[in-house]
Amino acid sequence: MSQESCFHCGEPVPSNSRFSVTVNDKTEQLCCPGCEAVANAIVFGGLESYYKFRTELPPRPELSETELAELQVYDAPELLQEFVHRNESGIAEATLAIDGITCAACAWLIENQINSLEGVEYTGVNLSAQRATLRWDMNKLPFSKLLAEFKSIGYSAQPWQANEQQQKLEKEQKTAIRRLIVAAIGSMQAMMFGISLEAGVLANFMEPELLILFQWLSFFVTTPVVVYSAWPFFKSALNELKNRRLNMDVPVSLAIGLGYTASVWALLTGTGELHFYAIAMFSFFLLFGRYIEMRTRHRIGNAGNALQDLIPQAAILLDENQQEVYLPSRNLKVGDLILVKPGHTLPIDGVIVSGHSSVNQATMTGEYLPVACYPGHQVLAGTQNIDSPLTVRVEKTGQDVRLASISRLSERALAEKPRIASLANKVSSYFVGALLIISVVVFTVWLGIDSSRAFWVLVALLVVTCPCALALATPTALAVANSTLARQGVLITRGHVLEGLAKADHIIFDKTGTLTEGRLELKSVHWLAAKDDPRQTQIKRYAAALEAQSEHPIARAFAEMRDPDLTAEAIQAFTGKGLSGKITGQEYRLGRADFAWTQEVLTPPKQEGQWLLFADNQAPLCWFRLSDQLRPDTKTMLKALQTMGITFELLSGDQEGSVQSIANELGITHYTASATPERKLEKLRELQKQGKQIIMVGDGVNDVPVLAGAQVSIAMGDATDLAKTSADTLLLSSHLIKIPQAIQKARMTNRIIKQNLMLSLVYNLIALPAASMGLVPPWLAAVGMTSSSLLVVLNALRLRDKANEQRLSEQKQQVKTQQSTKNT
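Residues numbered from 1 in each chain as written. Predicted model: local features only at pLDDT ≥ 70, side-chain atom pairs only at ≥ 80, totals over all residues. Heavy atoms only, no water.

Concerning the packing of aromatic side chains
Here is step 1 of the chain: The final tally for this structure, using the stated rule, is 13 aromatic pairs.
Here is step 2 of the chain: An angle of 35° between the planes, with centres 6.1 Å apart, marks the rings of W216 and F220 as tilted. Separated by four residues within a single helix, W216 and F220 lie in helix α8 (residues 208–229), roughly one turn from each other.
Here is step 3 of the chain: Accessibility expressed as a relative area gives 33% for W216, which makes it partly exposed. (Phe/Tyr/Trp six-rings, centres within 6.5 Å; stacked < 30°, edge-to-face > 60°. Helix = DSSP H or I, 4+ residues; strand = E, 2+ residues; numbered from the N terminus. Buried < 20%, exposed > 50% of the residue type's maximum accessible area, 1.4 Å probe, protein only.)

What follows is the structure, encoded as structure tokens:
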């Protein structure tokens, strides 16, 4: 049996499709909700004859050979390396700049169309910045085919690069200003003529010739507004209808087009009313609202542009003779030595080989006070050298630097939509379809009441109930909140985080590297083996050899004791327990007592600190005592959480003594020591079963399972790579006080979203019946609709922390002044 075709578009209908339309008392099958919405709008609009007389199905755009050849250029390896991040299995991730996105319906269409392609794993559209984040298998789908698919559904996509994107935003802004100016001038002139016409008609003193002149002048000043200024509304509506979708521009275009056409007909025939000035005013107010919303989007999107702009295009390479060679920073390789002069920005992630200086790390931490750096110190791309020249060894370049990963994580967070945002988008789409149906019903009723007013009541209804405010209510607030938190040093990497932070009532903290600084120091060695054991003098070097490849904070305590001539083999890491390996053929273990020596229970000395047992196969050799100190703002952070009504506890894999000591110092009543990753996850599940909304804060590999299992997870900025990958949020600085600040911002965001949705709902509940009863003239409908949209955007902008931005700006200016003074 052949597969049935969609009645509207001709595409195959899935076997489980439940979409249909009734035409001439016959039920026809449809392939998707988009076709169902458009088909029903056509039928309810009394246009069933469209299906009877159409000569062909709606066409799908096909690309020419020239266009395909142009897109294939992007498959060149050197270009792919520049903007596509690809792993060993062929899974690629890229960010694209998209032209033509106007509303949530555009984002829905792009995501569903691209996600349906073979090889595509994920597509997320950031409506605020007009960008899309894609993850796909390059072995199955070339990059050029992805770009071609965007073009075939009516959107132009290209690899996102900050400079090009900024130019595009500037061009969009200039075009919007020109359209707005034309609309402003046209609406003012049309209003002048329109009011004169109404006053003249009412006073019954205007000469017929003057009346006709004013009518034609109204037509001439309104036509550029409709044809030029309002063109984006028509273009967006046509594009959505071609793709079987309804967005807010559909009723807007109908209102402008029908109102203008009816006024032209009245002018030519001398019958009916002229409302040129109302159409011009509506277009102007709508364009003004869109312009304000566009400026908000641009300011938010510029944060991502600024990140990418920080990486310089050129670098100074030191060759074998220590001569300076200038070359593009993209040509640097791992292991190269580069010279970073004072005032220059680092183009790579690396480690300082020689030189002492201070580095401005504001781009990474949100703090403008420079940090002292010295040989062995890690430095990151996008940070600025302040005082003295530095020689840096390259460790990461291009898309692998931390700045690029932050940009990708930010894009992912903005593209992923929380539950409330998805619900708002769905409601907005259904609202447009319902509005068109209601408009037809109201128009029909008014034909029976007063046919002379029916048409303009319909226009006013379409104008006043445009769901612009509803569509803007959630994404604008989320975008502003994400951008504000990023500037404060809190990087959100998942779309659900703000909603989860707002609901959180309990926080689990790891100890080492989270509540403490994670800068463990070896304080003493308690020897257990025979006193004449020759290894006693070398025992620190043995432990350092085992820890040489570890990222755990404990490994840093042994870093200075490493001996390049003493290496460990067959090293194995046991998460939450310790390490094992062979040194000179002998197997050793370092870690918890029950891991390093299993034949008997050993109790560490009672002296305060964190104790690690070092043992071989024959006997335990020694205890290592490590110490750590609390972060400066740990107590302040916990007090802030208590004030907010949030409970907390300590969950650590460290020994009982050190965990109890930290808990007592901080006043934490609930704590668990010697917790394995399995025990941490079990504890998390217990709390979740009690109805707790959990935030997990950690930094190590042993925290990864519980980070992944919590409703919201936060990783410290210096956490292991695996922990940062598993976390939903990154603290780019070491200040824990950012956690309660982020929770407060999330709660405020939640309140503002609810306020925006309520404002939109109340507005439409008032405007819809008023317009249906003929109480709202077209010009007042334009003012009401624009005012509701502006109110939503301005309410969302309250999330911006102006005081904090001012403080950071002042600090930045102080740093610049100090740098200028030193250079002088």
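So, next bit.
Brief notes about the pattern of salt bridges
Here is step 1 of the chain: Overall, the coordinates contain eleven salt bridges when judged by the stated rule.
Here is step 2 of the chain: Residues K26 and E28 are paired through a salt bridge, measuring 3.9 Å at the closest nitrogen-oxygen approach.
Here is step 3 of the chain: A salt bridge links D510 to K680; the shortest N-O distance between them is 3.6 Å. Here D510 is found in the loop between β18 (506–509) and α18 (511–515), whereas its partner K680 is found in helix α24 (residues 677–689), with 170 residues between them in sequence. (Salt bridge = Lys/Arg side-chain N within 4 Å of Asp/Glu carboxyl O.)

A short note on the packing of helix α27 (residues 738–772) against helix α28 (residues 778–796)
Here is step 1 of the chain: Interhelical geometry of α27 versus α28 gives an angle of 170° and a closest axis separation of 9 Å. In terms of orientation, α27 and α28 fall into the roughly antiparallel class. Along its contact with α27, which presents I752, Q755, N756, L759, S760 and Y763, the element α28 presents A781, G784, M785, S788, L791, V792, N795 and A796.
Here is step 2 of the chain: Of the residues assigned to the contact of α27 with α28, the class counts are eight nonpolar, six polar and no charged. (Axes fitted to C-alpha atoms, helices over the stretch in contact; angles between N-to-C directions. Parallel < 35°, antiparallel > 145°, perpendicular 65-115°, else oblique. Contact = heavy atoms within 4.5 Å. Nonpolar A, V, L, I, M, F, W, Y, C, P; charged D, E, K, R; others polar.)

Re the pairing of strand β5 (residues 120–126)
Here is step 1 of the chain: The element β5 is largely enclosed, with a buried count of six among its seven residues.
Here is step 2 of the chain: Pairing analysis gives six bridges linking β5 to strand β6 (residues 131–137), with the strands arranged antiparallel. Bridging from a neighbouring strand, Y122 pairs with R135 of β6. (Pairing = 2+ DSSP bridges.)

Things to note about the confidence of the model for the protein chain
Here is step 1 of the chain: In the predicted model, the protein chain carries a mean pLDDT of 78, and 79% of its residues have values of at least 70.
Here is step 2 of the chain: When the criterion is pLDDT under 50, residues 810–824 qualifies, and its contacts beyond four places in sequence or with other chains add up to ten contacts. (pLDDT = per-residue confidence, 0-100.)

Observations regarding unusual backbone geometry
Here is step 1 of the chain: In the Ramachandran plot, Q322 falls in the positive-phi region, its phi being about 60° despite a non-glycine side chain.
Here is step 2 of the chain: Take Q322: it is sitting in the loop between β8 (314–318) and β9 (324–328).
Here is step 3 of the chain: On the basis of relative accessible area, Q322 is assigned to the partly exposed category, the value being 48%.
Here is step 4 of the chain: Unlike most non-glycine residues, A570 shows phi in positive territory, near 55°.
Here is step 5 of the chain: Tracing the backbone through its elements, the reader meets A570 in strand β20 (residues 569–574).
Here is step 6 of the chain: A residue is classified by how much of its surface remains accessible, and A570, at 57% relative accessible area, is exposed.

Details of the sheet that holds strand β25 (residues 647–651)
Here is step 1 of the chain: If you trace the seven strands from one edge of the open sheet to the other, you get β17-β29-β28-β27-β18-β25-β26, paired in mixed fashion. The open sheet has two edge strands with one neighbour each: β17 (490–492) and β26 (671–672).
Here is step 2 of the chain: Where strand β27 (residues 694–698) and strand β28 (residues 712–716) come together, four bridges link them in parallel fashion. Within the sheet, the bridge partner assigned to M696 lies in β28 and is S713.
Here is step 3 of the chain: Relative to the sheet, helix α22 (residues 634–643) contacts β18 and β25, its axis offset from that of β18 by approximately 160°.

A short note on the sheet that holds strand β23 (residues 610–616)
Here is step 1 of the chain: Taking strand neighbours across the sheet as the criterion, the six strands line up as β19-β24-β23-β22-β21-β20 in an open arrangement whose pairing is antiparallel. Of all the strands in the sheet, just β19 (521–527) and β20 have a single pairing partner and so form its edges. When the angles between neighbouring strand axes are averaged without regard to direction, this sheet yields 20°.
Here is step 2 of the chain: Pairing of β23 with strand β24 (residues 620–627), which is carried by six bridges, proceeds in the antiparallel orientation.

Details of the nonpolar core
Here is step 1 of the chain: Of all hydrophobic cores here, the largest spans 52 residues; its most connected members are F233, V252, I256, F276, F282 and V463.
Here is step 2 of the chain: Take this core: its biggest share by element is ten residues, from helix α15 (residues 451–464).
Here is step 3 of the chain: Dropping the residues within four chain positions of it, F233 is found in contact with D249, V252, S253, I256, L286, L287 and R290. (Core = buried A, V, L, I, M, F, W, Y, C linked by side-chain atoms within 4.5 Å.)

Quick word on the environment of Y430
Here is step 1 of the chain: Tracing the backbone shows Y430 in helix α14 (residues 419–449).
Here is step 2 of the chain: When its relative accessible area of 58% is taken as the criterion, Y430 is described as exposed.
Here is step 3 of the chain: A C-alpha to C-alpha distance of 8.4 Å links Y430 and L246, two positions 184 residues apart in sequence.

Looking at the environment of Q323
Here is step 1 of the chain: Secondary-structure assignment places Q323 in the loop between β8 and β9.
Here is step 2 of the chain: When its relative accessible area of 48% is taken as the criterion, Q323 is described as partly exposed.
Here is step 3 of the chain: Ignoring sequence-local partners within four residues, the contact set of Q323 consists of L317 and L318.

Structural notes on the side chain of S772
Here is step 1 of the chain: With respect to the element layout, S772 can be found in helix α27.
Here is step 2 of the chain: Take S772: its relative accessible area is 19%, and that puts it in the buried class.
Here is step 3 of the chain: Once residues lying within four places of it in the same chain are set aside, the contact partners of S772 are V442, W446, V457 and L461.

Here we look at the side chain of S357
Here is step 1 of the chain: Along the chain, the position of S357 falls in strand β12 (residues 357–360).
Here is step 2 of the chain: Setting aside anything within four residues of it in sequence, one finds S357 in contact with V371, A372, C373, N385, I386, D387, S388 and L390.

What about helix α23 (residues 656–666)?
Here is step 1 of the chain: Residues of α23 that are buried: S658, V659, I662, A663 and L666. The arc that holds the buried residues of α23, viewed along the axis, is 130°, so those residues lie on one side.
Here is step 2 of the chain: On its buried side, α23 packs onto α18, β23, α22, β25 and β26.
Here is step 3 of the chain: Remark: G667 follows α23 within two positions and exhibits a positive phi of approximately 75°. (Arc of directions from axis to C-beta.)

Looking at α22
Here is step 1 of the chain: T634, M637, L638 and L641 are the residues of α22 that are buried. The buried side chains of α22 occupy one side of the element, clustering within an arc of 95° when seen end-on. Of the exposed residues in α22, those oriented more than 90 degrees away from the buried face are K639 and T643.
Here is step 2 of the chain: Of the surrounding elements, those touching the buried residues of α22 are β18, α18, β25, α23 and α27.
Here is step 3 of the chain: Positive backbone phi, at 80°, marks G645, one or two positions downstream of α22.

Description of the pairing of strand β11 (residues 349–354)
The side chains of a regular strand alternate between the sheet's two faces.
Here is step 1 of the chain: The pairing of β11 with strand β16 (residues 390–396) spans five bridges and is classified as antiparallel. Counted as the bridge partner of I352 is V392 from β16.
Here is step 2 of the chain: The pairing of β11 with strand β14 (residues 378–379) spans two bridges and is antiparallel. Among the inter-strand pairings, G350 is bridged to a residue of β14, identified as V379.

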